[in-house]
Amino acid sequence: MKRLTTLKLLAVSCIAAFAFTSNASARTVDEIKADGKIIIATEGAYPPFNYFQGSKLTGFEVELGDAVAKKMGLKVEWKSLSFDALLAGLRQDRWDLVIASFGITEERAKAVTFTQPHYCSGGVIVSRDGSVKTAADLAGKVVAAQTGSTYFENVKKVPGVKEVKNYPQDTDARAALQNGRVDAWISDRFVVKTALESNPAGMKMGDFLFVERIASAIKKGNNTLGAAYDKALAEVMADGTYKALSEKYLKEDVRCK
Ligand code: ARG
């Protein structure tokens, strides 16, 4: 009986040790290639970059991710999760890469490794009637932004803002503006342009609050994957694939200049 318990204990600690080591390192590009598919996580609620068309995950970043993976000789297994779960799951090796319009920031770069950027854009100020246009106009105003986003982080730094309300999805922050619950919404210029095309009521685009470079994220220090991804991205950018996708979703070439 005693021996059994000791054995059981040994087994449990072996499993625990294994689980710990397997969690400690991300899949290298060779391991991913041996498997044939890369696991990419995105949000799926951020048109035109990543969103659902019915039950189909699509958007500029989804098609771009597929194209980059194809250059690497890989298929993609897509996962969609809430925005604030994406980088945490990467750190736990639940997926190989995240593409969800993450701006490169110093803070994030402490926790994950960024690839080369796939577009340059920035956060713009949106109000119902155009009266809140500049950063100075935000003084005394209630502003909506997505939880965990650079929009939220940057608008919090604007002096005099009355309140910043955060919403799990960017589309909820937009709805808060259109429904009159807030005075302004901060989001990506192309997200706003796209929203204005389909549903312009109660939305006028103002100035940029800040600009940013958007990249994919991989597990910190997964350098073989980073190098292979960057090479494939450069090829997709050189052979016309990127330009076609960018014009399809964003009506212009949005690569960083
Ligand atoms: N560009 C912003 C950031 O870096 C927002 C990204 C939001 N992405 C999304 N899939 N909702 O935080």
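So, a few notes on the structure that sits alongside this text. (Residues numbered from 1 in each chain as written. Predicted model: local features only at pLDDT ≥ 70, side-chain atom pairs only at ≥ 80, totals over all residues. Heavy atoms only, no water.)

**A look at the overall build of the chain**
Argument step 1. When helices and strands are tallied, the chain shows 10 helices and 11 strands.
Argument step 2. Its C-alpha atoms give the chain principal-axis dimensions of about 75 × 50 × 35 Å.
Argument step 3. Classification of the 257 residues of the chain by burial places 45% in the buried group.
Argument step 4. Long-range contacts, defined as pairs at least 24 residues apart, comprise 68% of the intrachain contacts of the chain with a sequence gap of at least 6.
Argument step 5. Accessible surface for the chain amounts to roughly 12700 Å². Of this, 56% is attributable to carbon and sulfur atoms.
Argument step 6. Between the centroid of the 36 positive side chains of the chain and the centroid of its 30 negative side chains there is a distance of 4 Å. (Helix = DSSP H or I, 4+ residues; strand = E, 2+ residues; numbered from the N terminus. Buried < 20%, exposed > 50% of the residue type's maximum accessible area, 1.4 Å probe, protein only. Contact = heavy atoms within 4.5 Å. Areas by Shrake-Rupley, 256 points an atom, 1.4 Å probe, with all protein chains shown as cover. Lys, Arg positive; Asp, Glu negative; His and termini not counted. Charge placed at Lys NZ, Arg CZ, Asp CG, Glu CD.)

**Focus: the site of the ligand**
Argument step 1. Close to the ligand lie 15 residues; E43, G103, R108, T150 and E212 are nearest.
Argument step 2. In this structure, S101 approaches the ligand through a main-chain N or O atom, which is 2.8 Å from a nitrogen atom.
Argument step 3. Between an oxygen atom of the ligand and a main-chain N or O atom of G103, the distance comes to 2.7 Å.
Argument step 4. For the ligand, the protein covers 100% of the area, taking 350 Å² as the surface of the free molecule.
Argument step 5. For the shell around the ligand, the elements supplying multiple residues, two or more each, are β6 (97-103), α6 (150-156) and β11 (204-219). (Near = heavy atom within 4 Å. Polar contact = N/O pair within 3.5 Å; in protein donor to acceptor, adjacent residues only side chain to side chain.)

**Side note on the state of the cysteines**
Argument step 1. Considering all chains together, one arrives at 1 disulfide under this definition.
Argument step 2. Here C120 connects covalently by a disulfide to C256, the sulfurs 2.1 Å from one another. Taking the sign of the torsion about the S-S bond as the criterion, the disulfide between C120 and C256, at about 100 degrees, is right-handed. Of this pair, C120 sits in strand β7 (residues 112-127) while C256 sits in the segment after α10 (241-250), and the two are 136 residues apart along the sequence. (Disulfide = S-S within 2.5 Å.)

**Describing the sheet that holds β7**
Argument step 1. Pairing is mixed across the open sheet formed by 8 strands, whose spatial order is β5-β1-β6-β11-β7-β10-β8-β9. Edge strands, defined here as strands with exactly one partner in the open sheet, are β5 (75-80) and β9 (163-167). Taken over all neighbouring pairs, the strand axes of this sheet differ in orientation by 25 degrees on average, direction set aside.
Argument step 2. Where strand β1 (residues 37-42) and β6 come together, 2 bridges link them in parallel fashion. In the sheet register, A41 faces β6, and the bridge partner there is V98.
Argument step 3. Running over the sheet, helix α7 (residues 170-178) touches β7, β8 (142-146), β9 and β10 (184-188) and is turned about 150 degrees from β10. (Pairing = 2+ DSSP bridges. Axes fitted to C-alpha atoms, helices over the stretch in contact; angles between N-to-C directions.)

**Regarding helix α8 (residues 189-198)**
Argument step 1. If you check which residues of α8 are buried, you get F190, V191, V192 and A195.
Argument step 2. Looking at the buried residues of α8, the elements they touch are β2 (45-46), β7, α7, β10, β11 and α10.
Argument step 3. The backbone nitrogen of F190 lies 2.6 Å from a side-chain oxygen of the residue at the head of α8, namely D188.

**Notes on the side chain of E212**
Argument step 1. Its location among the elements puts E212 in strand β11.
Argument step 2. R108 provides the closest opposite charge to the buried, salt-bridge-free E212, at an N-O distance of 5.2 Å.
Argument step 3. Within polar-contact distance, the side chain of E212 engages the side chain of T150 at 2.9 Å.
Argument step 4. If we skip the residues at most four places from it in the chain, E212 touches G103, Y119, C120, S121, G122, T150 and Y151. (Salt bridge = Lys/Arg side-chain N within 4 Å of Asp/Glu carboxyl O.)

**Some words on the side chain of R174**
Argument step 1. Residue placement: R174 occurs in helix α7.
Argument step 2. For R174, which is buried and forms no salt bridge, the nearest opposite charge comes from D170, at a distance of 6.8 Å.
Argument step 3. If sequence neighbours within four positions are ignored, R174 has contacts with W185, A195, N199 and M203.

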